[in-house]
Amino acid sequence: MNNAYFDFAEPKNEAVLNYAPGSAERKALQAALKEMKSEVRDIPMYINGEEVRSGKLAEIRPPHETAHLLGSFHVSDEQHVYDSIDAALNARDKWAAMSWEHRAAIFMKAAELLAGKYRYRMNAATMLGQSKNAYQAEIDAACELIDFLRFNVYFLSQIYKQQPISPLGMNNRMEYRALEGFVLAVTPFNFTAIGGNLPASAAMCGNVVVWKPANTQVYSASVFMEILIEAGLPKGVINLIYPPGPVVGDICFAHPSFAGVHFTGSTGVFQHMWKTIGNNIARYKSYPRIVGETGGKDFVFVHPSANVDAVVTGLVRGSFEYQGQKCSAASRAYLPSNLAEEIKKKLVSTVATLKMGPVDDFTNFVNAVIDEKAWNSITRYIDNVKSGNGDATILCGGGYDKSKGWFVEPTVIDTTDPQYVTMCEEIFGPVLTIYTYEADQWIQTLDVLDNTSPYALTGAIFAQDRHAIEYMTKALVNCAGNFYINDKPTGAVVGQQPFGGARASGTNDKAGSILNLYRWLSARTIKETHVPPTDYKYPFHQAD
Ligand code: NAD
């Protein structure tokens, strides 16, 4: 921007297509699913803009249809990590120096390609690779990722405009430089949009990136990489590799040019990363930025004045959409004794109507959980309840089957112990635990909720009494980074509900908001004095 200031208008959220029977989008998506299922994809790494193949293959199969082979990806080793760091650092100076309007154009073009030409392929990849139904894929892989790209261009434009004051005689300026080194993006399986956003938001700020997605998201991650390349992303700016997590961590965190990590995933992995970075702190050229959004134990607190039908719908959608594998999914609920029986009755009858099966049958509400490891972990919690070892019973669901895919029925556990293990630990599956409290003890029960888990990601309250709503909003101020009143605790939209949690749930840098972008910038303040003083003495030095 040498001789003009350019405007980047505030975007509107991408409209969600509904995929109703007979709609053009339903036909297009079904065709994309068919086409992708007919291929066996050979997925390379992308280092310095080149496709790289190690020959060491890892298979990709739909979680809901494990007999089917979608393709394989080429597993990365240590050398690929070093190569991608080198490629990133070689690309850095030119990329960091590129004018903003040209950098922005690449990401706006990527958003446009995803909204049009690639929409159904990206949704189909997410449905097949991560077992999302059509709607869950649409709100994630298409709409949220498009919104991340467009809104971040807008937010960054707002940041670049922020300038200090300049009294007469001087000009003060702020430059928002890229970090001096490379950024490591490590992304989870459960959102294609997070996979795309963590490398893209840092890169948009002029940074160069090494991107390591979860193995179970490589299938859709590679489609996003194809989009970025078609959008004109220069070689080496984002390098996509698939090494085991500890390999990428050990190499990147030991590198002097490591400048930051943009992570989403579990709390244990993030804490391990932070410790490693702390141990290596003297090696780095600059203090690395550490941004991580991690686990949750998201709550629904029902006040005695709540509307029962709104609660039941909030619990069903909030707990069981995408098989409870959203970091924001409701997984513990506190019911008042005056409403508990009615809520449980309606919950059981509603859950009985949820159809479970593969993603290509659009009537299914629930699909499979991501992989065998998740299936084993979730079913262990269910078996523990069934064994009668604690103060808990299965209210509905509790079945599971792995003959065709990693299926776990939506399950509601009823407990009389507010500290029962499934009220406290993140399960990351379709399992909701409910605890009934005495209706006149609702204020004391808020304390129990507050002290039950180390997390503070999302939470919802349901109530009609406005005094109670105000009281709970204040009393639960530190319990959730995203707090909902009379709504489910999931479904944050970019630009509307900036997302992130506190306590053990992360650094709360709010993906998809202006706050996140500040973390990938290093400001330089420039003061220019027009007529510099030529005498070191100040007026008070003069003799009387
Ligand atoms: P995960 O922690 O198992 O994996 C996340 C990423 O870290 C993957 O790419 C994985 O390969 C990598 N990894 C694992 N060990 C590593 C190591 N030692 N060094 C470097 N990288 C390593 O998480 P997941 O199962 O993919 O995702 C589910 C978790 O993510 C849940 O805990 C969920 O709550 C959390 N999550 C949080 C948010 C949020 O915004 N707070 C959003 C989505 C998911």
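Residues numbered from 1 in each chain as written. Predicted model: local features only at pLDDT ≥ 70, side-chain atom pairs only at ≥ 80, totals over all residues. Heavy atoms only, no water.

Q: Please explain the overall build of the protein chain as it appears in this structure.
A: A tally of regular secondary structure across the protein chain gives 16 helices and 23 strands. Relative to its length of 544 residues, the protein chain is compact, with a C-alpha radius of gyration of 25 Å against a globular reference of 24 Å. If one aligns the C-alpha atoms of the protein chain with their principal axes, the spans along those axes are about 85 × 70 × 50 Å. Sequence separation of 24 or more characterises 77% of the internal contacts of the protein chain that already satisfy a separation of 6 or more. Working note: accessible area of the protein chain is about 23,000 Å², and carbon and sulfur atoms make up 52% of it. Measuring between centres, the 49 positive side-chain charges of the protein chain sit 3 Å from its 56 negative side-chain charges. (Helix = DSSP H or I, 4+ residues; strand = E, 2+ residues; numbered from the N terminus. Rg over C-alpha atoms; globule rule 2.2 N^0.38 Å. Contact = heavy atoms within 4.5 Å. Areas by Shrake-Rupley, 256 points an atom, 1.4 Å probe, with all protein chains shown as cover. Lys, Arg positive; Asp, Glu negative; His and termini not counted. Charge placed at Lys NZ, Arg CZ, Asp CG, Glu CD.)

Q: Quick question: what am I supposed to make of a negative patch on the surface here?
A: A grouping of D77, E78, D83, D86 and D250 is seen on the molecular surface, where their side chains present a negatively charged patch. In terms of residue count, the dominant contributor to the negative patch is helix α2 (residues 78-97) (three residues). On the accessibility criterion, D83 (30% relative accessible area) is partly exposed. (Patch = residues over 30% accessible without salt bridge, like charges linked within 9 Å, V, L, I, M, F, W, Y side chains within 5 Å. Salt bridge = Lys/Arg side-chain N within 4 Å of Asp/Glu carboxyl O. Buried < 20%, exposed > 50% of the residue type's maximum accessible area, 1.4 Å probe, protein only.)

Q: Teacher, can you tell me more about the site of the ligand here?
A: Inspection of the region around the ligand gives 26 residues, with T187, S266, T294, C327 and E426 positioned closest. Measuring from an oxygen atom of the ligand, one finds a backbone N or O atom of G265 at 3.3 Å. Contact with the protein chains removes 85% of the 850 Å² of surface that the ligand exposes when unbound. When contributions to the shell around the ligand are tallied by element, the ones reaching two or more residues are α8 (245-252), β10 (258-264) and α9 (267-279). Grouping the amino acids of the shell around the ligand by side-chain chemistry returns 14 nonpolar, nine polar and three charged. (Near = heavy atom within 4 Å. Polar contact = N/O pair within 3.5 Å; in protein donor to acceptor, adjacent residues only side chain to side chain. Nonpolar A, V, L, I, M, F, W, Y, C, P; charged D, E, K, R; others polar.)

Q: What is the right way to read the sheet that holds strand β14 (residues 392-396) from this model?
A: Strand pairing in a sheet relies on backbone hydrogen bonds, with the paired strands running either antiparallel or parallel. Ordered by their spatial adjacency, seven strands build an open sheet running β14-β17-β18-β13-β12-β20-β21, and the pairing between neighbours is mixed. In the strand order of this sheet, the two ends are held by β14 and β21 (482-485), each with one partner. In this sheet, adjacent strand axes meet at a mean angle of 20 degrees when their direction is disregarded. Across five bridges, the pairing between strand β17 (residues 411-415) and strand β18 (residues 431-437) is parallel. Counterpart to I413 in the pairing with β18 is T433. (Pairing = 2+ DSSP bridges. Axes fitted to C-alpha atoms, helices over the stretch in contact; angles between N-to-C directions.)

Q: Would you mind going over the pattern of salt bridges with me for this structure?
A: Any two side chains of opposite charge can pair, on the condition that their charged atoms come close. Enumeration over the complete set of coordinates arrives at 28 salt bridges. Between R119 and E14 there is a salt bridge whose closest N-O contact spans 2.7 Å. Highlighted residues: R119 in helix α4 (residues 119-130) and E14 in the segment before α1 (24-38), separated in sequence by 105 residues. The burial state of R119 is the same as that of E14; both residues are buried. The salt bridge partner of D361 is K355, with a shortest N-O separation of 3.6 Å. For D361, a relative accessible area of 32% gives the class partly exposed.

Q: What exactly am I supposed to notice about the sheet that holds strand β1 (residues 41-43) here?
A: Taken together, three strands build an open sheet; the order of strands is β1-β5-β4 and the sheet is mixed. Here the strands that pair on one side only, and so sit at the sheet edges, are β1 and β4 (57-60). The mean inter-strand angle of the sheet, taken between neighbouring strand axes irrespective of direction, is 25 degrees. As defined by bridge partners, β1 adjoins strand β5 (residues 71-74) across three bridges and the pair is classed as parallel. Each bridged residue has a counterpart across the sheet, and for D42 the counterpart in β5 is S72. Contacts from helix α7 (residues 218-230) reach β1, β4 and β5 within the one sheet, and its direction differs from that of β1 by about 75 degrees.

Q: Before we go on, may I ask you to explain the packing of helix α3 (residues 100-115) against helix α6 (residues 192-204) in this structure?
A: Helix packing for two helices is described by the angle between their axes and how far apart those axes are. The N-to-C vectors of α3 and α6 enclose an angle of 165 degrees; their axes lie 10 Å apart at closest approach. In terms of axis orientation, α3 runs roughly antiparallel to α6. Crossing of α3 against α6: the hand is left-handed. Residues W100, R103 and F107 of α3 touch α6, and the partners they reach there are A200, A203 and M204. Of the residues assigned to the contact of α3 with α6, the class counts are five nonpolar, no polar and one charged. (Parallel < 35°, antiparallel > 145°, perpendicular 65-115°, else oblique. Left-handed = near helix turned anticlockwise from the far one by under 90°.)

Q: Please explain the nonpolar core as it appears in this structure.
A: A general trend in soluble globular proteins is that nonpolar side chains are found buried together. In this structure, F107, L156, L184, W211, I238 and V261 are the most contacted members of the largest nonpolar core, which totals 106 residues. At 15 residues, the largest contribution of residues to this core is made by helix α5 (residues 134-161). Among all residues touching V261, those that are not within four sequence positions of it are L184, F253, M273, I277, R289, I290, V291 and W520. Formed by 38 residues, the second largest nonpolar core is a distinct cluster that contains V369, V431, Y435 and I461. (Core = buried A, V, L, I, M, F, W, Y, C linked by side-chain atoms within 4.5 Å.)

Q: What's the story with the pairing of strand β7 (residues 182-186) in this structure? I'm lost.
A: Remark: a regular strand shows side chains that alternate across the two faces of the sheet. Summarising burial for β7: five of the five residues are buried, a large majority. Across five bridges, β7 lies against strand β8 (residues 208-212) in parallel orientation. Bridging from a neighbouring strand, F182 pairs with V208 of β8. Handedness of the crossover joining β7 and β8 through α6: right-handed. (Right-handed = clockwise from strand over helix to strand, strands pointing away.)

Q: Sorry if this is basic, but what is going on with the pairing of β17 here?
A: Within β17, five of the five residues are buried, which leaves the element mostly enclosed by the surrounding structure. The sheet contact formed by β14 and β17 spans four bridges and is antiparallel. Counterpart to C396 in the pairing with β17 is V412.

Q: What is the right way to read the packing of aromatic side chains from this model?
A: A ring pair, where both rings are aromatic, is described by two values, the distance of the centres and the angle of the planes. Applying the stated rule across the entire model yields 21 aromatic pairs. Aromatic pair F8 and W100: ring centres 5.8 Å apart, planes at 50 degrees, arrangement tilted. Of this pair, F8 sits in the segment before α1 while W100 sits in helix α3; the two residues are 92 residues apart in sequence, bridging distant segments of the chain. Judged by its relative accessible area of 18%, F8 is buried. Measuring from ring centre to ring centre gives 5.7 Å for F270 and W274, while their planes differ by 80 degrees; the resulting arrangement is edge-to-face. (Phe/Tyr/Trp six-rings, centres within 6.5 Å; stacked < 30°, edge-to-face > 60°.)

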